[in-house]
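# Observations on chain architecture
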Amino acid sequence: MYRKIKYGDQYFARTLFIRSLLFISFSLLLINTFMLFLLLSMRINLSIVMVSIVMLIEFAVVLSFASHFLQRLYTEYPKTHDNWLSHYIATVEVQQILSKLVSSKGAYETNSDDKGEYITYYPKIKFKLLHATGQLVVEEPIDAEKSMDFFASGQYDKLIETSLLADLQNTASSKGKIVSTFAFDPIKFRLQLADLAPKKGTLNVMRGIDWKYDKFYNMLIAGNVGTGKSYTLFSILGQLLVVTKFVTVFDPKKSDLASLKYTKALEGKVFSDNTEINEQVHVFYEEMMQRAEKMENIKKSGKLGAYMDFNFAPHFMFFDEFGAWRERNDALKFGSPEYDGYQTAMSNLLEIAMLGRELGFYIIVGMQRPSADSLPMAIRNQLNFKMVMGVPTPEISKMLFPDNQKDLRALSQDLKGWGFLQSGNDQVRSFFAPEMPKGFNLHEWIEMMNSQRKDKK
Ligand SMILES: Nc1ncnc2c1ncn2[C@@H]1O[C@H](COP(=O)(O)OP(=O)(O)OP(=O)(O)O)[C@@H](O)[C@H]1O
């Protein structure tokens, strides 16, 4: 059910708070008066001064406890509970903020006469909170009034995103109104490992957010130690194995990914040694060039299409700790065979990043800090699905999301595995990576996902 927003709603939470305190005071007064009459009727001798002092102390104690309790209830309860009361308080809060945003930006009309100022027009906004899905739906008027631009230009939606820490998911226009849907509670969109259902062309990140690798080719995932980068990478890797057997993993730091060479699914496809990585980048590149040739031959007959139209499978290069690999290679002796191998690998990588899309050869780069000296701009510009785990520093935010206007704030203090992402030029959105259950075993999971692939050869 939609609720309407009024001018007075901007004080709604405060009014409720004051009313609750008034109700408590009034109840106290009634109880005390009743008690007083009871005692008097029992003919107990009481001094008026004593009774007044006791009543005053009682009032002060109960009111200070009550205001503290109510304060906590309004600020903390909806965050940690999921029941009708928390939903009610959250609705009150949203109602207040939606109204405040209109008032503070002056998106209403007033007039004045000798009695003072009065409102002549207040926009007819309606909203509903869908607690089950964690969404907020707001109906905004496009009614030819002066404030219409405020809604039509998306300014109101932007303010909602900032003030409610919500993500705009979609906007639909119909006659006289815009209906915007926001995700206001990203944890509700979190997937469990068992929910992941990758398909050709689509890997899942969160409910409503997929990595469509054929469209937003090449991925970058950045994040500091301990923010959940590795776990997020695992969730992507497992899904890749459901759609293709052509996955090559590089882990120059020999962390958890390196141990995957002991799995059947990735036997002979995981590399940590510097020279091996450089050689394998070249192998990947050569395979891409062979496909380019095959596709050119097919296209000679006038056929059109991309790699999947000719039944080719996608190939993925999964490159974690890219920065560490570059640092190690940059320290090599200039002109040595190893250094030449590195130079070849770098130029191959650039070509893969640029040409791979049509041919179905993709790169997934994981690194802590994607600065220009760790990741050349020419490659970074070809990474179309960008994720950062945790709150990025302003510097990293500028590198990854140069056009972003949104305030990127922490999604949780206790939970790990959340961050921000951008698909192509879409809006930057907050997300929770798929949740790994307690006792998660990487090898077992990778084998299980691999066994789900149709062609297991
Ligand atoms: N998606 C998730 N599901 C469940 N727990 C998670 C998730 N992501 C992170 N965690 C928790 O946070 C911890 C750190 O995550 P992770 O190892 O992925 O961080 P990292 O950024 O890769 O750091 P490091 O470089 O030290 O590995 C994990 O051990 C795990 O307990």
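Residues numbered from 1 in each chain as written. Predicted model: local features only at pLDDT ≥ 70, side-chain atom pairs only at ≥ 80, totals over all residues. Heavy atoms only, no water.

The name an unreviewed UniProt entry assigns to the chain is Cell division protein FtsK, from the organism Weissella diestrammenae.

## Things to note about the overall build of the chain
Basically, it comes down to this: Numbering of helices and strands runs from the N terminus, with a helix taken as a DSSP run of H or I at least four residues long and a strand as a DSSP run of E at least two residues long. Only the C-alpha atoms count toward the radius of gyration. The rule for a globule is 2.2 Å times the residue count to the power 0.38. The cut-offs for exposure are 20% and 50% of the maximum accessible area for each residue type, with area from a 1.4 Å probe on protein chains only; residues under the lower value are buried, those over the upper are exposed, and the others partly exposed. Should any heavy atoms of two residues lie within 4.5 Å, those residues are considered in contact. To be clear on the numbers: accessible area is Shrake-Rupley with a 1.4 Å probe, and residue cover counts the displayed protein chains and nothing else. Note that His is not counted, nor are the chain ends; the positive residues are Lys and Arg, and the negative ones are Asp and Glu. Think of each charge as sitting on NZ of Lys, CZ of Arg, CG of Asp or CD of Glu.
Looking only at helices and strands, the chain has 12 helices and 17 strands in total. Taken over C-alpha atoms, the radius of gyration comes to 30 Å for the chain, far larger than the 23 Å a tight globule of 457 residues would show. Across its three principal directions, the C-alpha atoms of the chain cover 105 × 55 × 45 Å. Relative to its full complement of 457 residues, the chain shows a buried share of 47%. Expressed as a percentage of contacts within the chain between residues at least 6 apart in sequence, the contacts between residues at least 24 apart total 67%. Carbon and sulfur atoms make up 56% of the accessible area of the chain, which totals about 24,300 Å². With 54 positive and 50 negative side-chain charges, the chain shows a spacing of 5 Å between the two charge centroids.

## Regarding the UniProt feature "binding site: ATP" (unreviewed entry) in the chain
Our working definition: UniProt positions are given in the numbering used here, feature names are shortened, and annotations may be inferred rather than shown by experiment.
Under the UniProt annotation, "binding site: ATP" (unreviewed entry) lies at Gly223, Asn224, Val225, Gly226, Thr227, Gly228, Lys229 and Ser230. Mapping Gly226 onto the fold places it in the loop between strand E10 (219-223) and helix H6 (229-243). Owing to a relative accessible area of 15%, Gly228 belongs among the buried residues under this scheme. In contact with Gly228, not counting residues within four places along its chain, are Met389 and Gly417.

## Digging into the sheet that holds strand E1 (residues 3-4)
This is how the line gets drawn: Whether two strands pair comes down to DSSP finding at least two bridges between them. Geometry is summarised by axes, namely lines fitted to C-alpha atoms with helices restricted to the contacting stretch, and by angles between N-to-C directions that run from 0 to 180 degrees.
Strand order in this open sheet of 5 strands is E1-E4-E5-E7-E6, and the pairing throughout is antiparallel. At either margin of the open sheet sits one strand with a lone partner, and together these are E1 and strand E6 (167-174). Examined bridge by bridge, E1 and strand E4 (residues 126-130) share 2 bridges and lie antiparallel to one another. Paired with Arg3 across the strands is Phe127, a residue of E4. With respect to the sheet, helix H3 (residues 84-104) is in contact with E1, E4 and strand E5 (135-141), its orientation differing from that of E4 by roughly 150 degrees.

## Quick word on the side chain of Asn384
Mapped onto the secondary structure, Asn384 falls in the loop between helix H10 (377-380) and strand E15 (385-389). The residues touching Asn384, leaving out its near neighbours within four places in the chain, are Phe216, Tyr217, Asn218, Gln422, Ser423 and Gly424.

## Some details on helix H7 (residues 274-299)
Threshold: A helix's residues, less one, multiplied by 1.5 Å, set its expected span. N or O atoms closer than or at 3.5 Å make up a polar contact, with two conditions inside protein: a donor-capable atom paired with an acceptor-capable one, and, for residues adjacent in sequence, both atoms drawn from side chains.
For H7, built from 26 residues, the straight-helix expectation of 38 Å at 1.5 Å per residue is met to within 8% by its first-to-last C-alpha distance of 38 Å. For H7, the complete set of buried residues consists of Asn274, Ile277, Asn278, Val281, Phe284, Tyr285, Met288, Arg291 and Met295. If you follow the buried residues of H7, they end up packed against strand E11 (247-250), strand E12 (270-271), strand E13 (315-319), helix H8 (322-330), helix H9 (337-359) and strand E14 (361-367). In this structure Asp273 caps H7, since a side-chain oxygen of it lies 3.2 Å from the backbone nitrogen of Thr275.

## Some details on the UniProt feature "transmembrane region" (unreviewed entry) in the chain
As annotated by UniProt and renumbered to match this structure, "transmembrane region" (unreviewed entry) occupies residues 21-40 and 46-70. Within residues 46-70, the helical portion is 92% and the strand portion 0%, while the C-alpha atoms at the span's ends are 34 Å from each other.

## A look at the sheet that holds E15
Overall, mixed pairing links the 8 strands, which are arranged E12-E11-E13-E14-E10-E15-E16-E17 in an open sheet. Unpaired on one side and paired on the other, E12 and strand E17 (429-432) mark the two borders of the sheet. Strand contacts of H6: E10, E11, E13, E14 and E15, with the helix running at about 155 degrees to E10, the strand carrying the most contacts. In the packing of H8 onto the sheet, the strands contacted are E13 and E14, and the crossing angle to E14 comes to about 85 degrees.

## Regarding the domain arrangement of the chain
Convention followed: The source of the domain bounds is an automatic or database domain assignment.
Along its sequence, the chain is carved into domain 1 (3-80), domain 2 (110-184) and domain 3 (188-452). The C-alpha centroid of domain 3 is placed 59 Å from the C-alpha centroid of domain 1.

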